[in-house]
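If you want the building blocks of each chain, they are given just below.
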Amino acid sequence: MEFIFYFGDVFTPVNFGLLLLGTIGGLILGATPGLSPTMAVALLIPFTFQLEAAQGLILLGAAYTSTVAGGAVSAILLKIPGAPANIATTLDGHTMAQKGEGAKALQLSFLSSAVGGIFGVLLLIFLTPVLAKWALAFGPSHLFWLAILGVTVIGSLDSRSVVKGLLSGCIGLWLATIGFDDIMGAQRFIFHPALGGGINIIAALIGLFAIPQVITMFAKGRHNDGAEVIQVRKHPIGAALSELMRNKRAMGIGTITGSIIGLIPGVGGQIAGLVAYDQSRKFSPERAKFGTGHPEGLVAAESANNAMVGPSLVPLLTLSIPGSPTAAVLLGGLLIHGIFPGTDLFDNHPDVAWTFINSMLIGQVLMCLFGLYVAGVAARVAQVPQSVMAAVVLGLAVFGSYSVQSSMGDVYVMAALGVMMYFLERFGFSAAPLVLGLILGPIAEANFIQGSMIANATDGMTPYFLGGSLNLFLIAVVIASIAYSAYMELRSRRFTSKEEIMA
Amino acid sequence: MKNLLAGAAIALIGLTTSAFADGHANYPERPIMMMVSYGAGGATDFQARIVTMTAGNEDALGMPIAILNKPGAGGRVGWNWLAGQAEADGYTLGAYNVPHFIAQSIKGGVEYSADSFEPIANWGADPAVLVVGADSEFNTLQDVVDFARANPGKLTTSGAGLFVGHHIAALQMEKAGDMKMAYIPTKGGGAAAMKAVIAGEVMAGINNLSDAFRAREAGNVKILAVADLERNDFLPDVPTMMESGLDVDNASVNFRGVMVPKGTPQGIIDKLAATVPTMFENKRVAGKMKAGGSPMHIMTRDEVLAMWAKREETLKVLLAGL
Amino acid sequence: MSDISLPRMQHIIGSGVVAVVGIWVAVVSYTQQPSEAFLFPRLIATVFVVLALWTFAKACLGWTKVGNGLSVRQFRNLAPGLIVALIYVFWAAKGLGFYSATAIAFFILLSLYDPAPHTAFRSWLKRVIITACFMAVMYGLFASLLKVYTPREIFF
């Protein structure tokens, strides 16, 4: 209960001002294509040089929280996921915006972000010691199985054909191997100098999602435009709240999945949204509606990716191990003031620790309020004529992918992948499984190689990868996931063939 | 219209050439970029941000330095980019890590060598240390050596990657102790390697002194030895490997500093070489570095050139058999 | 007949290209050294090739169920925009400088796809204004706020 004593510190004028600044700035940065939360936080580091420790962390914490939520804005309105966390948001969120329900989508995304986010921070406050043990329990073999669990989701994610879904996943897994192999340092598939650094995930995301969108708008032609002016429906916040209440299951699944996955160092944030989306679809009676602008999918994805924020800081704050790139940048923000995370932080600088954590709690609320305020206005983006929209998204895609690493190569990769994806989509492939492959490939590979090195030096492969209760549990979940997908596939096949006969 | 554009283009080219002609007296005229070949938040990135924070001051360069991260494959991605694709116009600097990039260039498969870059100045020296988990049964370096000798290839030891300082230290330990360890390179740098030690996934680890110091403060690890010639100010109680009877010198010490790609105008190199070391000596920089647990070691361009040459010689011998 | 065979032909070409890429990946990963570094790519490539050939066979037999292909009209519509976009990304952005290339590409795309009549002065004025507004926002966001140093070759 110690944290309550430090709530006052959050509301001193300077601190609260910084909190507001971080939140609003974070939303803007998060909504900018190409700026992932990690980069946004790294951009703010120089400012914290001038501030006191607690103040600097308030700024960074608020920015972290709201960039994650801000990524949903461009994901919903422009179909450009700002970070891997927002991929699942595009699936239903953008479809809603296209139907004129952009305001509703944004409101739901901010509300569920806040619910998930607050839950995550509360976990951080109350259960840190327990969670820290959890975070350490995941070794290479467990991370490998976790990545495989992600791979089993590939076939069923946003694709009507399992084979093509898997094939998209394979393309993604292959794309991930391009560049230097991380452990051996060998060069793989570098057939153009732009690929020397491998495929940057942010640039790839922009290309795979935004560019097909641009080309689709081109394909509609010049005169088709006036025919379909989208009516942007206003949506009262009260209605959004009751909609959220109707989606308790998705919210619960999202929040819990996000919190658990967020905790695992090195995996967390990137796949929390996708896994939650997939899980809530499997448990939903209306699973056929997913991907067609169904609020449930949006709520699950957004509550998950903000729920991961709090737990993702557990390994950092307790063990001084940054579990994610963003946590690593936050570590810098602490070290610069001579504060070492771990016992030093909580024993000798409780004011810094708790002010920081409390400000993330308040930051979630501020982020939500501010987001709800702009949702109505922002949703009007859907009314922008197609011709303007196509040019705007193209321009943003180029600038966004360039600014990731100030690299022209990333822009070429972005455009090449994007054009390729447009044509692949014409033939029934889809971007989401491809991206999942791109994210999971390196995790699976690095952990397998590292695990097999440890295994060869110790007990051997079989006991290392197949022994231990956590391994067995994860393997059981993998098998269950495959069995469930196969069952659903067979059932829907029987269903569609019946339908075909009827027709 | 066409003539107008062409005229404007010629005027612009004229402007740039005149800027080159005046011996770079006005350098720098715009913000400078410094490439760090490790991810944001890593030890190199963190220190690079601190030592360049005063670059905008009038007594330093007068223009800020922005950090650009190009992480991947133990630094190879970033250094390849700096050697091959970066513009040698003085506005693109790079951070170096010795022995990492020299060892990688000796090993091959990259497009750079020590001759691809011109050093400017060195800011830090971070020795490799041997760490074990807080509840490990190893208490001295001798315990570790005894175990490794009795169980060849069984001592799992994590480090940040292949052919980085940690790996060099492991190779030197094996050679000096006539033993075989199982070196486990991790993806995700020193932080991931440290996590493997704390979580007990590996029996020991080689890590940066700065990160290990912090982990020890948090009560998670024991530091058994430093791979340097002298004990470190941060860890006066930890013996060097030589003191503990293992003939390992300072070849694995991670020197961090600033360099530029070959082809950068000599005038700019001279100007940077004169200004950058004094910029590192700034009191605020030193204070922040000390607070963060990062050992500083400032060297001028000539000293760095000598250090690079010496390292290259040592590493060629060490890596010859691999 | 023609409206049935066009998508089928496209499916054969599309999945054929994917299959060729898959075979290339497999060949590269089974021949390159060091083999430890290519262990994982080999695994992926094997699955990749099997799935790609399966899809290709299905396309040849006309069993493809999903994906509508591309109609001639759609292709005619998208071709000019795609060409402008490709020139912009792969040459102009670096060759002319980011901001000028973006302004030019933006304006051309707007003129190509904006339904307002090309004969009226007002619609041209509108396009110029929209382009100027967009460039102002981009400059404010990326150059002023984020301090991204974009290539400035011949022009800004």
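Residues numbered from 1 in each chain as written. Chains lettered and ligands numbered in written order. Predicted model: local features only at pLDDT ≥ 70, side-chain atom pairs only at ≥ 80, totals over all residues.

To be explicit about the condition: UniProt positions are given in the numbering used here, feature names are shortened, and annotations may be inferred rather than shown by experiment.
In the annotation of an unreviewed UniProt entry, the entry for chain B reads Tripartite tricarboxylate transporter substrate binding protein, and the organism field reads Roseobacter insulae. Of chain B, the UniProt comment under Sequence similarities (unreviewed entry) reads exactly: "Belongs to the UPF0065 (bug) family."

Looking up chain A in an unreviewed UniProt entry gives the name Tripartite tricarboxylate transporter permease, with the organism given as Roseobacter insulae.

Description of the overall build of chain A
The condition that has to hold: Every helix listed is a DSSP run of H or I at least four residues long, and every strand listed is a run of E at least two residues long, numbered separately from the N terminus. The reference for a compact globule is 2.2 Å times residues^0.38; the radius of gyration itself is calculated from the C-alpha atoms. Burial is judged by counting the other C-beta atoms within 10 Å of a residue's own C-beta: 20 or more makes it buried, 12 or fewer makes it exposed, and any count in between marks it as partly exposed, with every C-beta position built from the backbone. A pair of residues counts as a contact when their C-beta atoms, built from backbone coordinates, are within 7 Å of each other.
Within chain A, the regular secondary structure consists of 23 helices and two strands. On C-alpha atoms alone, chain A measures out to a radius of gyration of 22 Å, which is about the 23 Å that the 2.2 N^0.38 rule sets for 503 residues. Reported as C-alpha extents along the three principal axes, the dimensions of chain A are approximately 70 × 60 × 50 Å. Relative to its 503 residues, chain A shows a buried fraction of 67%. When contacts within chain A are restricted to residue pairs at least 6 apart in sequence, those whose partners lie at least 24 apart make up 79%.

With respect to the interface of chain A and chain B
On the chain B side, the residues contacting the 48 residues of chain A number 50 residues. If you list the elements that add at least two residues to the side of chain A that touches chain B, you get α3 (37–48), β1 (179–180), α16 (325–335), α17 (343–348) and α21 (431–457) of chain A. No other element matches α16 of chain A, which puts six residues into the side of chain A that touches chain B.

Here's the deal with the nonpolar core
Test applied: Each nonpolar core comprises buried Ala, Val, Leu, Ile, Met, Phe, Trp, Tyr and Cys residues, the members being joined through C-beta atoms within 7 Å.
The biggest cluster of nonpolar side chains holds 335 residues, and the ones touching the most others in it are Val393, Ala397 and Val435 of chain A together with Met34, Val129 and Ala204 of chain B. For this core, the element with the highest residue contribution is helix α4 (residues 53–78) of chain A, accounting for 17 residues. With near-sequence residues (within four places) excluded, Val435 of chain A lies in contact with Ile87, Gly172, Leu205 and Leu208 of chain A.

Looking at the packing of helix α6 (residues 102–137) of chain A against helix α13 (residues 295–307) of chain A
Residue and element names in this part refer to chain A. So the rule is basically this: Axes, fitted as lines to C-alpha atoms, cover a helix only where it is in contact. Angles between the N-to-C directions of the axes lie from 0 to 180 degrees. Should the near helix be turned anticlockwise from the far one by less than a right angle, the crossing is left-handed, and should it be turned clockwise, the crossing is right-handed. Gly falls in the polar group here, along with every residue not listed as nonpolar (Ala, Val, Leu, Ile, Met, Phe, Trp, Tyr, Cys, Pro) or charged (Asp, Glu, Lys, Arg).
Closest axis-to-axis distance for the α6/α13 pair is 7 Å, and the angle between their directions is 35 degrees. Taken as a pair, α6 and α13 cross one another with a handedness that is right-handed. The segment α6 lies against α13, with Ala105, Leu108, Ser109, Ser112, Ser113, Val115, Gly116, Gly117, Phe119 and Gly120 engaging Pro295, Leu298, Val299, Glu302, Ser303, Ala304, Asn306 and Ala307. Residue classes in the contact of α6 with α13 are distributed as nine nonpolar, eight polar and one charged.

Describing the environment of Ala397 of chain A
All names here are of chain A. Here Ala397 is to be found in helix α19 (residues 386–405). According to the C-beta neighbour criterion, Ala397 is buried, with 28 such atoms within 10 Å. C-alpha separation for the pair Ala397 and Leu319, spaced 78 residues apart in sequence, amounts to 38 Å. Residues within four places of Ala397 in sequence aside, it is in contact with Pro33, Ile80, Ile206, Ala210, Ile211 and Met414.

A short note on the pairing of strand β6 (residues 156–159) of chain B
Where a strand is regular, its side chains alternate between the two sheet faces. All names here are of chain B. The test is simple: Here the rule is simple: two strands pair whenever DSSP picks up at least two bridges between them. By convention, orient the strands away from the viewer: a clockwise path from the first strand over the helix to the second makes the crossover right-handed.
Along β6, one buried face is formed by Thr156 and Ser158 and the opposite face, lined by Thr157 and Gly159, is buried too. Bridge count for β6 against strand β7 (residues 182–185) is four bridges, and the pairing is parallel. What sits directly across from Ser158, in β7, is Ile184. Traced from β6 through helix α6 (residues 165–177) to β7, the parallel crossover comes out right-handed. Summarising the sheet, β6 and strand β8 (residues 204–208) pair through two bridges and their orientation is parallel. The partner of Ser158 across the bridge, within β8, is Gly205.

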